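# Chains, contacts and geometry: an overview
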Amino acid sequence: MLMVFGTGLMTAGLANRFGAPRVGLAGILWLLTHGSTPAPIPFMAAVTLFLGGMGLINPIGSAITLAPFGDRAGAALASLGFLQMGLAAIGTALISALAAAPEIVLG
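Here we summarise the structure given alongside this text.

Here is what the cut-offs are and how they apply
- Residues numbered from 1 in each chain as written.
- Predicted model: local features only at pLDDT ≥ 70, side-chain atom pairs only at ≥ 80, totals over all residues.
- Heavy atoms only, no water.
- Helix = DSSP H or I, 4+ residues; strand = E, 2+ residues; numbered from the N terminus.
- Buried < 20%, exposed > 50% of the residue type's maximum accessible area, 1.4 Å probe, protein only.
- Areas by Shrake-Rupley, 256 points an atom, 1.4 Å probe, with all protein chains shown as cover.
- Salt bridge = Lys/Arg side-chain N within 4 Å of Asp/Glu carboxyl O.
- Polar contact = N/O pair within 3.5 Å; in protein donor to acceptor, adjacent residues only side chain to side chain.
- Expected span 1.5 Å × (residues − 1).
- Bend = angle between axes of the 7 residues up to and from the residue.

A word on the overall build of the chain. Scanning the chain from N- to C-terminus turns up five helices and zero strands. Listing the helices and strands of the chain from first to last along the sequence gives α-α-α-α-α. Among the 107 residues that make up the chain, the fraction classed as buried is 16%. If you sum the accessible surface of the chain, you get close to 7,600 Å²; carbon and sulfur atoms cover 77% of it.

Shown next as structure tokens:
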């Protein structure tokens, strides 16, 4: 959580320096390239880097999404939150519906 918070604080400065789309793309690329690894230490390093990518993409993604709705920012932010949570719930339901043997999940 500290990693997400820390990189979230850096996002505004990075966006002012490099532009919001570039920072957003960097966050997306970071998230895609830092997958999990089976060993504990590399796995935790990958999770930490993944959370750093989330800290970069979440604030800038929200800012880019809300930019066209300055006069209705509250409603736009509520809609964005609803979509994020709704899609996460749908994705969780779909994944939990998959039948997988424990050795597939843990192996």
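It is worth spelling out the environment of glycine 81 at this point. Tracing the chain through its elements places glycine 81 in helix α4 (residues 73-97). Given a relative accessible area of 27%, glycine 81 falls into the partly exposed group. Measuring from C-alpha to C-alpha, the distance between glycine 81 and serine 62 comes to 9.5 Å, with 19 residues separating the pair along the chain.

Now for the pattern of salt bridges. Scanning the entire structure with this criterion turns up one salt bridge. For arginine 72, the salt bridge goes to aspartate 71, with nearest N and O atoms at 3.2 Å. Among the residues examined, arginine 72 registers a relative accessible area of 45% and is labelled partly exposed. Note on aspartate 71: relative accessible area 65%, which makes it exposed.

Within the fold, threonine 65 resides in helix α3 (residues 40-66). Taking the C-alpha atoms as reference points, threonine 65 and leucine 80, separated by 15 residues in sequence, lie 8.2 Å from one another. In this structure the side chain of threonine 65 is engaged in a polar contact, spanning 2.7 Å, whose partner is the backbone oxygen of glycine 61.

A separate point is helix α1 (residues 2-18). Helical geometry: 3.6 residues make up each α-helical turn, so side chains three or four residues apart lie on a common side. For α1, built from 17 residues, the straight-helix expectation of 24 Å at 1.5 Å per residue is met to within 8% by its first-to-last C-alpha distance of 24 Å. The principal kink in α1, of about 35°, is found at threonine 11. All of the buried residues along α1 are Val4, Thr7, Thr11 and Ala15. Phi for glycine 19, located one or two positions after α1, is positive at around 95°.

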